[in-house]
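Residues per chain, in single letters:
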Amino acid sequence: MTPSLTISGIPFYDAPSEIEGSPYWVDLWTDINGYKIGLQVKPSTYKSASISIYMGKARSSEEKGYKKFLRDFGGKVFIVMPVNGVVSKEIEKKIVAERNLLLKLPPKK
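What comes next is a walk through the structure.

The rules behind these values
Residues numbered from 1 in each chain as written. Predicted model: local features only at pLDDT ≥ 70, side-chain atom pairs only at ≥ 80, totals over all residues. Heavy atoms only, no water. Core = buried A, V, L, I, M, F, W, Y, C linked by side-chain atoms within 4.5 Å. Buried < 20%, exposed > 50% of the residue type's maximum accessible area, 1.4 Å probe, protein only. Helix = DSSP H or I, 4+ residues; strand = E, 2+ residues; numbered from the N terminus. Contact = heavy atoms within 4.5 Å. Pairing = 2+ DSSP bridges. Salt bridge = Lys/Arg side-chain N within 4 Å of Asp/Glu carboxyl O. Polar contact = N/O pair within 3.5 Å; in protein donor to acceptor, adjacent residues only side chain to side chain.

This paragraph deals with the nonpolar core. Formed by 16 residues in total, the largest nonpolar core has its most connected members in I7, F12, L39 and I95. For this core, the element with the most residues is helix α4 (residues 89-104), which contributes four residues. Not counting residues within four places of it along the chain, the set of residues in contact with L39 comprises L5, I7, F12, V26, D27, L28, V77, F78, V80 and I95.

Attention now goes to the pairing of strand β2 (residues 10-14). Pairing analysis gives three bridges linking strand β1 (residues 5-7) to β2, with the strands arranged antiparallel. In the sheet register, I7 faces β2, and the bridge partner there is I10. The hairpin formed by β1 and β2 contains two residues between the paired strands, and S8 there has a positive phi angle of roughly 50°. Sheet topology places β2 next to strand β3 (residues 28-32); two bridges connect them, and they run antiparallel. The partner of D14 across the bridge, within β3, is L28.

Time to look at the pattern of salt bridges. Applying the stated rule across the entire model yields five salt bridges. D72 is the salt-bridge partner of K68, the closest N and O atoms lying 3.1 Å from each other. You can see K68 and its partner D72 sitting in helix α3 (residues 57-73), four residues apart, about one turn around the helix. Note on K68: relative accessible area 29%, which makes it partly exposed. The class of D72 is partly exposed, set by a relative accessible area of 31%. Between E92 and K89 there is a salt bridge whose closest N-O contact spans 3.5 Å. Placement of both E92 and K89 in helix α4 is noted, with a separation of three residues, approximately one turn of the helix. Look at K89 and you get exposed, because its relative accessible area is 61%.

Looking at the element boundaries, I32 is found in strand β3. Relative accessible area serves as the criterion here: at 8%, I32 is assigned to the buried category. When the C-alpha positions of I32 and P107 are compared, they lie 8.7 Å apart, and in sequence the two are 75 residues distant. Residues contacting I32, with those up to four places away along its chain left out, are I10, I37, R99, L102 and L103.

Of note, K36 is situated in strand β4 (residues 35-41). Within the structure, the side chain of K36 is placed 3.4 Å from the side chain of D31, a separation counted as a polar contact.

Below, the structure written as structure tokens:
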């Protein structure tokens, strides 16, 4: 299976349809030591649009979904805005730190 996005050697694959929308809002995910890290992929215009379009109930619903994902799958969800398949260095560092943290935990079954 070919990953949809690779960040620092970490392959992310399309999440199943029951994960993509409500309640989790995750587009891509990866397995690390039995835990999942999720990505929600946003267009590059997300930051400027986030104040108007993504505020209110939609944004609140996404944040609740990210917390539920953490409870159910053990890893965080990151919002990414890839440009030509590359995410910002800041987000990349956070994803790598999350992977390293999950690798230190006992394997999840």
